[in-house]
There are 4 protein chains.
Amino acid sequence: MKIGFIGLGNMGIPMAKNLIAAGYQLQVYNRTAEKADELEASAITKCNTPAEAAANVTVVISMLADDDTVKESVVGKDGILNTFQKGALHISMSTISPDIAQFLSDQHKAAGSSYLAAPVFGRPEAAAAKKLWVCVSGSKEDKETANPILECIGQGVVDFGEDAGGANVVKIAGNFMIMSSLEMMAEAFTLAEKFNLDRSKVAEFFGSTIFNAPIYQNYGRLIANKQYEPVGFKARLGYKDARLAFKLAQQSETPMPLGTLIHNRLLTAVAKGLGDRDWVEAVGRGVTDDAGV
Amino acid sequence: MKIGFIGLGNMGIPMAKNLIAAGYQLQVYNRTAEKADELEASAITKCNTPAEAAANVTVVISMLADDDTVKESVVGKDGILNTFQKGALHISMSTISPDIAQFLSDQHKAAGSSYLAAPVFGRPEAAAAKKLWVCVSGSKEDKETANPILECIGQGVVDFGEDAGGANVVKIAGNFMIMSSLEMMAEAFTLAEKFNLDRSKVAEFFGSTIFNAPIYQNYGRLIANKQYEPVGFKARLGYKDARLAFKLAQQSETPMPLGTLIHNRLLTAVAKGLGDRDWVEAVGRGVTDDAGV
Amino acid sequence: MKIGFIGLGNMGIPMAKNLIAAGYQLQVYNRTAEKADELEASAITKCNTPAEAAANVTVVISMLADDDTVKESVVGKDGILNTFQKGALHISMSTISPDIAQFLSDQHKAAGSSYLAAPVFGRPEAAAAKKLWVCVSGSKEDKETANPILECIGQGVVDFGEDAGGANVVKIAGNFMIMSSLEMMAEAFTLAEKFNLDRSKVAEFFGSTIFNAPIYQNYGRLIANKQYEPVGFKARLGYKDARLAFKLAQQSETPMPLGTLIHNRLLTAVAKGLGDRDWVEAVGRGVTDDAGV
Amino acid sequence: MKIGFIGLGNMGIPMAKNLIAAGYQLQVYNRTAEKADELEASAITKCNTPAEAAANVTVVISMLADDDTVKESVVGKDGILNTFQKGALHISMSTISPDIAQFLSDQHKAAGSSYLAAPVFGRPEAAAAKKLWVCVSGSKEDKETANPILECIGQGVVDFGEDAGGANVVKIAGNFMIMSSLEMMAEAFTLAEKFNLDRSKVAEFFGSTIFNAPIYQNYGRLIANKQYEPVGFKARLGYKDARLAFKLAQQSETPMPLGTLIHNRLLTAVAKGLGDRDWVEAVGRGVTDDAGV
């Protein structure tokens, strides 16, 4: 079976590899074309536009950076809707705003195709290991169509209802929770350090007892050790997600003091020139710098 | 073997029961004497003062509410030091300030006895199930003496060095992390609710995937369902712990913006008259009230 | 001389009256047409659209609620640009975003007319008393054209350069400072109240010594007395301005922790249903409610 | 008339000079004795202890750094109470906690003497110019005794009731308001700077219109120009005052989110090694550093 695949970034590449491993042929499009060279040549067709990638397939997947890029890839001059078949399905896996998701869902419907929100949790390593968690929202039929494909990419697919934007709200809320966890650990470990305790020992204790979840184990180690390289997820992208959370807070009239704290932490990192560093550094260094250590 | 046991509150009672089940005889003291009636009569001797409970034993355990109470129980008119044998050990399991721990350690040393900090993580149910995590700090010998006893109470004993106050720093940092997690979940779930998502479904998703730790599973369910009874840990005590975290931040010159956010959340609950409600309600209702839901 | 005047709200009405008193004839437009009945009939011509109000005049003034309304009044179906003469000047006195100001300035330029940002400081009473402060930014010639008109409205006109949006940044920064002052006083007076001091006495002391500026005298009295009626400036509009400040903080990468605190204070008031109450109540009650008094 | 005067710091020296100019003879004590050389030799008697300075006078004034120093100067080994006459009055002008004020008032009463809280607003220049504002609280008789003396030091004396600590609450609330004003201006001016506006021009506009109070004029200029020298009031002392405000917030159960923001701003400056710089720098640089300018 042939699928369109748009967006070969840090996340897109391992996801595409898993689809190829599962036997799919991919029509790939990426702004920087040479990224496709990381994929097995015989399994792909390189395309010059999203429209080309979406031609003559019943499913297209996109994994892009932000609201504007996704919007452009659908309704832009060279967007998916120019070539997409009636009845075909766009599985949109990017972290975007729920209102953009709703807008794109409406555009697809008007064009006779359909849209499924399917944002994921997990860093590139998790994508490579097929360990992503996929949140979906949209119509029942679209979920049924998407399921076998998504199962080649992640370890679980969780359903968040019919609203086009529902899964995106969960994704944004989750990223807010992750960033809050980074802040929480950075403050706790720095406090411990100031009292002459070993940051790593404290991180290990919490990560193996009451906070024994991957977030605390993996990020906990990085924060404890002030290990900020290699860059996995850029502070700039974390800031984008913090802005999304803040936008949702405004749209829904939900005061989120912790959401704003996180927003300002990431904004500060970006303003200070750390936008291209890992978001763990943005938070971790933010806290230790302010503490003078 | 006979042990002194001071403080039969929500935590002290199940801990004492586990010690009795392990074969220890207890000399118990509690401000409200009748609490001792919950323990097996044949296994205890009721005492009228901490001093009495500490007489003629080589180990005394205390599990009390706050700095002042612990201090009074050691150096007060009827305190432990009035009767404690040379070479005997005080295992202090309360959540107190590291500087008070250091002070008490010094007092014990001057009197020829010794002090081991051994604060615990876990609610009363965990105490009953012998599932507490115990953090210890103090001298090597005292840890060796304490270990077999502490293993009757918890599922693990973790060593945080020689500083009298070290384990208390970890305990206070941990409670700060728990309260921050409550805030994080309350904000995330309320945001989701405002977008017509099911709070419980969101909680369950995070608690079974990237946040699959007890904190997020147990508290997550309570916050998602706005289930604030029965009261397990009072907001007033949570506020006490938030104050301790803030005090440590000042002492060590560690700016903790999330620590202050949590402090103010708990303070607000107490100021509004919710001091005797569960700390989950303090945070959960604080967030939903501000969001008008 | 005849001027177009668009927007007869709480601010627009007294401003229009002052222009009439100074001898100007006005072509007025307001969404709710009957508001014009508050003006002297012989001095006005009622118009049905912004376009009509802008026809055959060399100057049009607008005083509207927000970005979208101002944009619509210029480039909308019935907007100013449909009828505006070449060389005519639009004096835009609303509190709007600098980027919208820049956009409108560009649109005017393309159409052969011009745009001057002229937002004001002062409540309706100040407008009535000709006590507004006007901040202007735009071209030198436009300022010269506008000056004699603006002097009929305010007690001073201050120049903030050539950037179309400059004056709006000052206006938004100023509203942020006013809201911060409300918060500051609400916290200080509530603290004093809790220590059994007389809020009014404290307000009066500061307002007549180190904080002897109108902001502290006038708002200080309202906050001290918890006097929240009549409603002068709605919490909803204050929240709009707090959002503008936050948007500018994001656009310019300026972390503003106090800006976000204020944003959340106003958002909370709106979420709790106080959007149509005075912004002083939004802040004042927010603080006292949280303090349980 | 002879008066005891304890504490010849930045504030004490100009105050003492004004008393001498008004004809008083002073028995002076300062920890660093040579500071007294700045005063006219014929008008002073140098003392070696507070007790000496308080001997044989009916009034002693103290102007010291913090709670502990003031306490020591009264009830310490060489404290005032060792020599103070029955019926004599201690005018305590330092910025201290209200509970310490109450404690000292009680101690004086028990010793047959009395205590008047009289903290002041104003920097050293204001002290030199006799432009301080004095807040008093205590008994009516003590105020009557103190008034003619205080009028030689300040431009006004304002009465805040009978509670020993009342005037101190006002002083601490006022310092919180000043620090909040610094933060407010630093954020507003930095936002303006990022939009290419002239910080000084913005400061001047606000300081001469809606914020035309000394606080905004004087500090506004310093913040706008990033002029942080000479050091007038150290960040360390500002932090001390922010801690006092925070302590009062806890004692009285008054959530003060802005109070905690300010607290963390000053704490951050101290943690980063700026404790001995001016508090204006602590806030001003804190904001610009975070904004990357």
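Criteria and thresholds
Residues numbered from 1 in each chain as written. Chains lettered and ligands numbered in written order. Predicted model: local features only at pLDDT ≥ 70, side-chain atom pairs only at ≥ 80, totals over all residues. Heavy atoms only, no water. Contact = heavy atoms within 4.5 Å. Buried area = accessible area lost by both parts, 1.4 Å probe. Salt bridge = Lys/Arg side-chain N within 4 Å of Asp/Glu carboxyl O. Helix = DSSP H or I, 4+ residues; strand = E, 2+ residues; numbered from the N terminus. Nonpolar A, V, L, I, M, F, W, Y, C, P; charged D, E, K, R; others polar. Least-squares fit on C-alpha atoms with pLDDT ≥ 70 in both. Polar contact = N/O pair within 3.5 Å; in protein donor to acceptor, adjacent residues only side chain to side chain. Buried < 20%, exposed > 50% of the residue type's maximum accessible area, 1.4 Å probe, protein only. Right-handed = clockwise from strand over helix to strand, strands pointing away. Pairing = 2+ DSSP bridges. Axes fitted to C-alpha atoms, helices over the stretch in contact; angles between N-to-C directions. UniProt positions renumbered as here; feature names shortened; annotations may be inferred.

The name an unreviewed UniProt entry gives chain A is NAD(P)-dependent oxidoreductase, with Mucilaginibacter ginsenosidivorans as the organism.

(A) Highlighting the interface of chain B and chain A. Taken together, the contact between chain B and chain A spans 57 residues of the former and 57 residues of the latter. Contact between chain B and chain A buries roughly 4900 Å² in total, counting both sides, with carbon and sulfur atoms accounting for 81%. Where chain B packs against chain A, one counts 0 salt bridges. Of all the secondary structure elements, the ones that give two or more residues to the side of chain B that touches chain A are β8 (132-136), β9 (154-159), α7 (166-194), α8 (199-208), α9 (214-224), α10 (235-251) and α11 (257-271) of chain B. Per element, the largest residue contribution to the side of chain B that touches chain A is 19 residues, and it comes from α7(B). In terms of residue class, the side of chain B that touches chain A is made up of 36 nonpolar, 12 polar and 9 charged.

(B) Focus on the relation of the copies chain B and chain A. Structural alignment of chain B on chain A gives an RMSD of 0.0 Å, achieved by rotating through 180° and translating 0.0 Å along the axis. One copy is carried onto the other by what is essentially a two-fold rotation axis. By C-alpha distance to the rotation axis, the residue of chain B lying nearest is Ala213(B), at 2.5 Å. The fraction of interface residues of chain B whose copies in chain A are also interface residues reaches 100%, indicating that both copies meet through the same surface.

(C) Highlighting the interface of chain C and chain B. The partner chain B presents 7 residues to the 7 residues of chain C that form the contact. Buried area between chain C and chain B, summed over both chains or domains, comes out near 570 Å², and the portion from carbon and sulfur atoms is 47%. Applying the counting criterion to the chain C and chain B interface returns 2 salt bridges. In this structure, Asp290(C) engages Lys272(B) in a salt bridge whose closest nitrogen and oxygen atoms are separated by 3.8 Å. If you look at where chain C meets chain B, you find 0 residue pairs in polar contact (both at pLDDT 80 or more). Every element with two or more residues in the side of chain C that touches chain B is listed here: α11 (257-271) and α12 (279-290) of chain C.

(D) View of the pairing of strand β6 (residues 114-117) of chain D. Neither face of β6(D) is left uncovered, since the one carrying Ser114(D) and Leu116(D) and the one carrying Tyr115(D) and Ala117(D) both have all their residues buried. What joins strand β5 (residues 89-92) of chain D to β6(D) is helix α4 (residues 98-111) of chain D, and the crossover it makes is right-handed.

(E) Layout of the sheet that holds β6(D). Residue and element names in this part refer to chain D. Strand order in the open sheet formed by 6 strands is β3-β2-β1-β4-β5-β6, and the pairing between neighbours is parallel. Each of the sheet's edge strands pairs with one partner strand only, and the pair in question is β3 (44-46) and β6. Strand after strand, the sheet turns through a mean of 20° between neighbouring axes, direction not considered. In terms of strand pairing, strand β2 (residues 25-29) meets β3 through 3 bridges, oriented parallel. The partner of leucine 26 across the bridge, within β3, is isoleucine 44.

(F) Quick look at the UniProt feature "active site" (unreviewed entry) in chain A. Residues and elements named next belong to chain A. Taking the numbering used here, the UniProt-annotated feature "active site" (unreviewed entry) corresponds to Lys171. The topology assignment puts lysine 171 in helix α7 (residues 166-194). When neighbours within four sequence positions are excluded, lysine 171 is seen to be in contact with Thr95, Pro119, Val120 and Phe121.

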